Amino acid sequence: MAGSTPASLTADAPAAAGTAAAAKRQNFSPWQEAWRRFRRHKMALFSAIALAVILFAVLFGPFIWRVPINEIDFAAKLQGPSWSHPLGTDDLGQDLLARLIYGGRISIAVGVAAMVVAIFFGLLVGSVAGMASGRVDAALMWVTDLFLSLPQLPLLLLVIYLFREPVKGVLGVEGGAFVLIVAVIGGTRWMSAARLVRAQFLSLREKEFVEAARALGASRLRQVTQHILPNALGPVIVVATIDIAAAIIAESTLSFLGLGFPSDVPTWGSVLRDAKDYLDIAPHWALFPGSLIFITVLAINFIGDGLRDALDPRRVL
């Protein structure tokens, strides 16, 4: 139009750049955005690297460090770290590096397996309670509160004391100990996940997208699997990381008390138990397994903090 002022290119450039940047940000998938937010949590990223190093060591360490875990050398007993024994030896001259690598496999495997058991029952109980409501919800939450009120450590000790020998007779010494410890730890860790999942379901089932699916004729199972459960997994993943750390500590506690794996099977807790009588003359024997438990649990907790921030859309990072 005559007399009109032409648009300024310099004025439109920032707006166009901002629009392009916004479009670029919108192209991120939810998981890519979660990874971007997780990377900004420096302690969580550093902890993930430290945990990856520990996992690599326990998985591939036996192929690199081929010293047998039960090789006895009385001439080298209670030696400190050296080139031949980087982490020292115990009272039988057994190499601590080999035993801690082997024990790390067991301790971490127990933690992961117990977490899977706890999350499975937590998802099952929480989702049924959140979708059913009424008497079913009240009954399931009553059972959950009952388990929450039980003291966990005495319950662990009692169950293992009562069922250790029958389970070992059926599944063998190591297999029976593993299954029993995983079942007991996982069976006493599902309550927090169940309450969290129930709260998520009670909130999500009233959202507009779930009501739209319900109006279109989606069954309850489809509502749960396709709409509610995927949106409730963020907090559950955070709880899962915390459960792994708690299960590792529980297994170490049971092994330290002599109620875990057999004495000839090294775990981080059992190695720490064997070292308690030699703290004054061989402190390295207790220092290294204790440090591995501490670093692993701390790293998992920091990773859980990072996942909590990364999977929470309300937090600005």
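Nothing here was measured: the structure is a model prediction, and the numbers come from that model.

What follows concerns the layout of surface pockets. The space that makes up the second largest pocket amounts to roughly 310 Å³. For the second largest pocket, the lining is made up of 16 residues, of which A57, V58, L97, I101 and L292 are closest to its centre. Those elements giving two or more residues to the lining of the second largest pocket turn out to be α3 (42-64), α4 (96-132) and α12 (283-310). With 8 residues, α3 is the single largest residue contributor to the lining of the second largest pocket. Residue classes in the lining of the second largest pocket are distributed as 15 nonpolar, 1 polar and no charged.

A word on the environment of R37. Among the secondary structure elements, R37 is positioned in helix α2 (residues 30-39). Residue R37 is classed as buried on the basis of its relative accessible area of 9%. Spatially, the C-alpha atom of R37 lies 7.4 Å from that of D309, the residues being 272 residues apart in sequence.

Turning next to the packing of aromatic side chains. Evaluation of the coordinates by the stated rule reveals 4 aromatic pairs. With centroids separated by 5.1 Å and ring planes inclined at 35°, the aromatic side chains of Y278 and W285 adopt a geometry described as tilted. The partly exposed category is assigned to Y278, whose relative accessible area is 24%.

This next bit is on unusual backbone geometry. With a phi angle near 55°, L78 is a residue other than glycine that sits in the positive phi range. With respect to the element layout, L78 can be found in the loop between α3 and α4.

In the predicted model, the protein carries a mean pLDDT of 81, and the fraction of residues at 70 or more is 88%. Across the protein, the element-wise mean pLDDT spans from 50 in helix α1 (residues 9-26) up to 90 in α3. Segment residues 7-11: pLDDT under 50, and 1 contact once partners within four positions in sequence are set aside and those in other chains are kept. Between residues 20-24, whose pLDDT stays under 50, and residues either more than four places distant or in other chains, the model counts 0 contacts.

For the rest of this paragraph, the subject is the pattern of salt bridges. Throughout the structure, instances matching the rule amount to 5 salt bridges. D137 is the salt-bridge partner of R198, the closest N and O atoms lying 2.7 Å from each other. Separated by 61 residues along the polypeptide, R198 in helix α8 (residues 191-204) and D137 in helix α5 (residues 134-149) bring together distant segments of the chain. A salt bridge links D145 to R195; the shortest N-O distance between them is 2.6 Å.

A separate point is a nonpolar patch on the surface. Together, L55, F56, L59, F60, F63 and I64 make up an exposed nonpolar region whose accessible area comes to about 620 Å². Positionally, F56 belongs in helix α3. Relative accessible area serves as the criterion here: at 48%, F56 is assigned to the partly exposed category.

About the cut-offs
Chains are numbered independently. Their residues run from 1 in the order of the written sequence. Where local features are concerned, this predicted model is filtered to residues with pLDDT of at least 70; where side-chain atom pairs are given and counted, the filter is 80 or more; whole-chain, interface and lining totals use all residues. Water and hydrogen atoms play no part in the side-chain values, which are based on all heavy atoms of the structure. A pocket here means an open set of points on a 1 Å grid, computed over the protein atoms alone, that has protein on both sides within 12 Å along at least five of seven lines. A cavity is instead a set of points where a 1.4 Å probe fits but cannot get out; residues with an atom within 4 Å of a point line either one. Grid points are joined across faces, edges and corners, and a volume is the space filled by probe spheres set on the points. Each helix is a run of H or I in the DSSP string that is no shorter than four residues. Each strand is a run of E no shorter than two, and both are numbered from the N terminus. Gly counts as polar in this scheme, as do all residues outside two lists: the nonpolar Ala, Val, Leu, Ile, Met, Phe, Trp, Tyr, Cys and Pro, and the charged Asp, Glu, Lys and Arg. Residue exposure (1.4 Å probe, protein chains only): buried if accessible area is under 20% of the type maximum, exposed if over 50%, otherwise partly exposed. Ring pairs are drawn from Phe, Tyr and Trp, using the six-membered ring of Trp, whenever the two centres fall within 6.5 Å, and their geometry is named by plane angle: stacked under 30 degrees, edge-to-face over 60, tilted for the rest. Residue-level confidence of the predictor is what pLDDT reports, using numbers from 0 through 100. Contacts are residue-level and defined by heavy atoms, with any inter-residue pair within 4.5 Å sufficient. The salt bridge criterion pairs a side-chain nitrogen of Lys or Arg with a carboxyl oxygen of Asp or Glu, the two atoms within 4 Å. Residues enter a patch when their relative accessible area is above 30% and they make no salt bridge; the linking distance is 9 Å between like charges and 5 Å between nonpolar side chains (Val, Leu, Ile, Met, Phe, Trp, Tyr). A 1.4 Å probe and the Shrake-Rupley method give the accessible areas. Residues count as covered only by the protein chains that appear here.

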